[in-house]
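Fold and geometry: a report
Take a look at the letters that make up each chain.
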Amino acid sequence: MDLFYEVQGTGSPILMIHSGGVDSRTWKYIAPALAMTHQVITFDGRGTGRSPAPIAPMNIAQDIKNLLDHLNLASAVLIGHSMGGQAATEFALKYPGMTDKLILIAPSLSGFAFSKPYTDWMTEVHSLAPNYVKMTEFSLQGLPYRVTMSSPQRDFFADMHLQYMKRVFTEWKSFELIWPETPAIERLEQLEAPTLFIEGTCDWEDISLIADEFKRAPSFRHVRIEGGDHMMMLTHGDEIAGHIKQYLTSS
C-alpha cells in the first residue's frame, strides 16, 4: 500500500474518502467522533497530503479496494465527500458485498450534467493554471466555500487547499481519472447498499439535483444541513457526525 492512511478506534470499520482540493485532514472534526464506536480509516488520495504524486491514470475506486484488502477488511461503511462520494458510489456498485452502507456528503456523480454556473466557475479556476496561488485565491472566493471562508476554519481550509494546488502543479505527472464506461447515474437502481445523502443548504443547486437522482436507489435517506456549504465537514462536523451515528445504528 503506497498511500498514507491512519486508523482510529475499534469496532466495525468505516472508510472515509476525501474530495479533490483537500486531503484527509478534512475529516478532523468527524473522524474522532466516529472512532468512539468504530474503526475509522482515513487516507490521503494520490498526490494529496502525505501520499505520493500520481505518475499514471488514477482509479480511486481501485485504491479503495486495495486499501481494504491491505487492511484485511472484507467490507466497510464508506463515507465519501464530493469526488470522494463519486468514487464511493462507483465502488459500491462494483463491490456491493464489500459495502455495508454508503454515506455521501455533497457527492459528485459520473454522468451528471453540471449547471452552467458551476462549469463556468470551474473553467475560470482552471484558466489561471499553472499559477496555483492565483487558482487557490480565486477558488476560495467561490460560492461553495462562502460559509467556510467566513468561519474560524477559514485559515485551515485555505492552507489545505493551497497545499493541494501546489502539489498538483509541481509534482503530479498524470491528471487522468479512470471511471467505468457506463456512468453511475445510469445504474443507481442497482445500488444495493443503504445510502445516506447529506447536503448543505448553501452549496451548489447541482447537489440537490444529484440527490434527486439518488432517490432511485432502493434504500435512500436524505439529510440537509442548514447553513452548510461544500466544506460543511469543517463547519458543521458535530451535526454531520450525529446524523452519521444515528444512521449507522438505525438499521
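These notes cover the structure that comes with them. (Residues numbered from 1 in each chain as written. Predicted model: local features only at pLDDT ≥ 70, side-chain atom pairs only at ≥ 80, totals over all residues. Heavy atoms only, no water.)

Quick notes on the packing of helix H5 (residues 132–140) against helix H6 (residues 154–170)
Stated formally: Every axis in this analysis is a line fitted to C-alpha atoms, fitted for helices over the stretch in contact. Angles between the N-to-C directions lie between 0 and 180 degrees. Note on conventions: DSSP H or I runs of at least 4 residues are helices, E runs of at least 2 residues are strands, and numbering of each starts at the N terminus. Just so you know how the angles are binned, under 35 degrees is roughly parallel, over 145 roughly antiparallel, 65 to 115 roughly perpendicular, and the rest oblique. Rotating anticlockwise by less than a right angle from the far helix to the near helix defines a left-handed crossing, while the corresponding clockwise rotation defines a right-handed one. Note on contacts: a residue pair is in contact if any heavy atoms of the two residues lie within 4.5 Å. Each residue receives one of three labels: charged for Asp, Glu, Lys and Arg, nonpolar for Ala, Val, Leu, Ile, Met, Phe, Trp, Tyr, Cys and Pro, and polar for the others, Gly being one of them.
In the contact formed by H5 and H6, the axes pass within 9 Å of each other and the chain directions differ by 140°. On the basis of the axis angle, H5 is oblique to H6. Remark: the crossing between H5 and H6 carries right-handed chirality. In contact with Tyr 132, Val 133, Met 135, Thr 136, Ser 139 and Leu 140 of H5, H6 contributes Phe 157, Ala 158, His 161, Leu 162, Met 165, Lys 166, Phe 169 and Thr 170. Considered class by class, the residues forming the contact of H5 with H6 number 9 nonpolar, 4 polar and 1 charged.

Examining the side chain of Ser 82
As for its position among the elements, Ser 82 is in the loop between strand S4 (76–81) and helix H3 (83–94). Once residues within four sequence positions are removed from consideration, Ser 82 is found in contact with Ser 19, Ile 105, Ala 106, Pro 107, Ser 108 and His 230.

Some points on H5
Definition in use: Exposed residues in this analysis have more than 50% of their type's maximum accessible area, buried residues have under 20%, and partly exposed residues fall in between, with area computed by a 1.4 Å probe over protein chains only. What the arc describes is the spread of directions from the helix axis to the C-beta atoms.
Listing the buried residues of H5 in full gives Met 135, Thr 136, Ser 139 and Leu 140. Taken down its axis, H5 places every buried residue within 120° of arc, on the same side.

What about the pattern of salt bridges?
In plain terms, the rule: Every case where a carboxyl oxygen of Asp or Glu lies within 4 Å of a side-chain nitrogen of Lys or Arg is listed as a salt bridge.
Here the structure, examined in full by the defined rule, presents 11 salt bridges. Among the ionic pairs, Arg 46 bridges to Asp 63, the shortest N-O distance being 3.0 Å. Of this pair, Arg 46 sits in the loop between strand S3 (39–43) and helix H2 (60–70) while Asp 63 sits in helix H2, and the two are 17 residues apart along the sequence. On the accessibility criterion, Arg 46 (23% relative accessible area) is partly exposed. In this structure, the salt-bridge partner of Glu 213 is Arg 216, at a minimum N-O distance of 2.8 Å. Glu 213 sits in the partly exposed class, given a relative accessible area of 24%. On the basis of relative accessible area, Arg 216 is assigned to the partly exposed category, the value being 30%. One salt-bridge network, in which partners are shared between bridges, spans Asp 2, Arg 46 and Asp 63.

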